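# Breakdown of the fold
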Amino acid sequence: MNMMTELKTEAKFADQFGRSKRKLRISVTDRCNFKCVYCMPEHPEWMKKHDLLSFEELYHFCDFMVRRGIEFIRITGGEPLMRQGVVHFVAQLQELKKLGLKRISMTTNAHYLKQYAQALKQAGLDDLNISLDSVDADQFKQLTQKDLAPVLEGIRAAQAVGLPIKINTVLMNGMNDDQILPLARWSVKQKISLRFIEFMPLDGDRKWSTEHVVSEQQILDTLATEFAVTSQANDSPQSNSDPARQYFIDGHPIGMISTITNSFCGTCDRVRLTAQGEFYNCLFAPQGLNLKTEIKALTASAPLSQASLYRTLFNYIWSKESGYHAIEQRLKNQPSRKISMHMIGG
Ligand code: SAM
Ligand code: SF4
């Protein structure tokens, strides 16, 4: 079979459990102005700027992936709004909508959002996930080492320009588990959809333990003390771009991303790329695939490098394990890997 024939027969990416891959998360930087306790190590070692893939290289990679089935791209970090040129990147990605890309999203801490909201909207960003772990200013500062006010201003700015937003909240026992009701009330009042995320063992300093996890059930029980809680009929994660299990409090949507106690790994359709070109088939994969050289060689007019990258990726994605619990069981007594959430992008 010659190379051109082989290219035409490339299948979309899927893993050994039949989960096809439709969502790509691109971390554009590991740097962040926040120091969230559940994410950033006390002494982060930032990736060197010259080691990061350029936006042009990232664009070629996105083009390559969209041609092979990716329909949703989420730009994340670190803090994506700290990387210069990210708005232009969003605008550039619009081109890929002709090839089947459906949505371009971003996850941000919203600290700089006030100054970027309008430009992001103009660049064609479809929606934003914003992290907000407390509506109490003192507690917010303890959790992130930054002020709450700019975040709330960023949220208002995004609403003002018509960018759809969802709030992500990571809860930790003994830190901000008292925020379940205040955040729920705030989200109802603001008419913003809220998702609670269970704390995952991806913190930079590896202090995670099950005792810190606030479970989906704990959250539901707390919500039920004040709201009428109902669940989506089939009790499964939504089939679109949202991995959360969907509930309603007094009719207002509220999601749960419960990787630890009620995982949605069985339907996972995500893959991830770090800012320096490390590809991960799972958030918890012990080993990434260093694609930096392949991505740098990748141009629309280089079918040979495309075919070779396709084969490498196909095999790696195929080998994706069934999920968090399988990986945790297998690696029980082994040292945990180095990658943490600020590098891989959540
Ligand atoms: N800086 C941006 C932000 O905070 O939204 C984007 C990157 S951040 C790594 C992406 C998401 O990962 C955030 O919603 C954050 O709350 C979540 N996250 C970080 N560390 C986590 C952990 N250990 N467990 C669960 N979620 C975590
Ligand atoms: Fe920064 Fe986001 Fe990690 Fe917080 S969760 S430290 S904002 S990358």
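In this report, the structure presented in the accompanying data block is examined.

Calculation rules
Residues numbered from 1 in each chain as written. Chains lettered and ligands numbered in written order. Predicted model: local features only at pLDDT ≥ 70, side-chain atom pairs only at ≥ 80, totals over all residues. Heavy atoms only, no water. Pairing = 2+ DSSP bridges. Helix = DSSP H or I, 4+ residues; strand = E, 2+ residues; numbered from the N terminus. Contact = heavy atoms within 4.5 Å. Axes fitted to C-alpha atoms, helices over the stretch in contact; angles between N-to-C directions. Salt bridge = Lys/Arg side-chain N within 4 Å of Asp/Glu carboxyl O.

## Concerning the sheet that holds strand β6 (residues 193-198)
Spatially, 12 strands are ordered β7-β8-β9-β6-β5-β4-β3-β2-β1-β10-β11-β12 in an open sheet, and the strand pairing comes out mixed. In the strand order of this sheet, the two ends are held by β7 (229-231) and β12 (289-290), each with one partner. Looking at chain direction, strand β10 (residues 270-273) and strand β11 (residues 278-280) are connected through two bridges and run antiparallel. Following the sheet pairing, Arg272 is matched in β11 by Tyr280. On top of the sheet, helix α2 (residues 55-66) reaches β1 (23-27), β2 (72-76), β10 and β11; it is set at about 170° to β1, its chief contact. Against the sheet, helix α8 (residues 216-224) touches β5 (165-171), β6, β7, β8 (245-249) and β9 (252-257), its axis set at about 155° to β9.

## Some points on the pattern of salt bridges
A full pass over the atoms with the stated rule returns 19 salt bridges. One salt bridge in this structure joins Glu153 and Lys114, with 3.5 Å as the shortest N-O distance. A residue pair is termed long-range when its members are at least 10 positions apart, and Glu153 in helix α6 (residues 149-160) and Lys114 in helix α4 (residues 113-123) qualify at 39 residues. Members of the salt-bridge network, linked through shared partners, are Arg22, Lys23, Glu71, Lys102 and Asp269.

Taken by themselves, the reported measurements are silent on function.
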